[in-house]
Amino acid sequence: MTAAGDGPWLDDAAGRLVRPFTVSNGRTRPTVALDLMSQVRATGSTPLGYLGPEHAQALDLCRAPVPVAEVAAHLRLPVAVTKVLLADLVDCGALTDKPPAFHHNPTDRALLEAVLDGLRRQL
């Protein structure tokens, strides 16, 4: 049985029906340097050529700036695969990316606790 809203890609009993790296045609390295906290946003340009359903889902998620890690979580794909998909969209001009700007110590305990709290709320 297919999970609601997931189409043919996920099955309640079997899990993911398509191997994650099949989505990226076996590619494991993005053409654009993306960090987990890099912000990606749709440009409004229509990508030329065929892109898979995961590309379309990612593009839809990026109507507003969103971190790469959040896109991966929504797509239920490994971050490495998500970065390849997002890099494809950046390469064709459908997305822009912005590296994270740390105005504070990225290993600050309060920041790490806030991230952990956010992750717990998602699970």
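Residues numbered from 1 in each chain as written. Predicted model: local features only at pLDDT ≥ 70, side-chain atom pairs only at ≥ 80, totals over all residues. Heavy atoms only, no water.

### Description of the confidence of the model for the protein chain
This is how the line gets drawn: What pLDDT conveys is the predictor's confidence in a given residue, as a value from 0 to 100. In this text, helices come from DSSP runs of H or I with a minimum length of four residues, and strands from runs of E with a minimum of two, each type numbered from the N-terminal end.
This prediction gives the protein chain a mean pLDDT of 78; 73% of its residues lie at or above 70. Ranking the elements of the protein chain by mean pLDDT puts strand 2 (residues 15-16) last, at 48, and strand 3 (residues 39-42) first, at 94.

### A closer look at the environment of A56
This is how it is decided: The buried label goes to any residue with under 20% of its type's maximum accessible area, the exposed label to any with over 50%, and the partly exposed label to all in between, with areas taken from a 1.4 Å probe on protein chains only.
The topology assignment puts A56 in helix 2 (residues 53-61). Take A56: its relative accessible area is 47%, and that puts it in the partly exposed class. The sequence separation of A56 and L89 amounts to 33 residues, and the corresponding C-alpha distance is 9.4 Å.

### Remarks on the nonpolar core
What counts is decided by this rule: Put simply, buried Ala, Val, Leu, Ile, Met, Phe, Trp, Tyr and Cys residues joined by side-chain atoms within 4.5 Å make one nonpolar core. Contact between two residues is taken to exist if any of their heavy atoms lie within 4.5 Å; hydrogens are not considered.
Judged by nonpolar contacts, the single largest core of 19 residues is most densely connected at V40, C62, V71, L86, L89 and L95. Listed by contribution, the elements that provide at least two residues to this core are helix 2, helix 3 (68-75) and helix 4 (79-91). Looking at this core, the element that brings in the most residues is helix 4, giving six residues. With near-sequence residues (within four places) excluded, V40 lies in contact with L34, C62, A64, P65, V66, V68, V71, L86, L95, T96 and D97.

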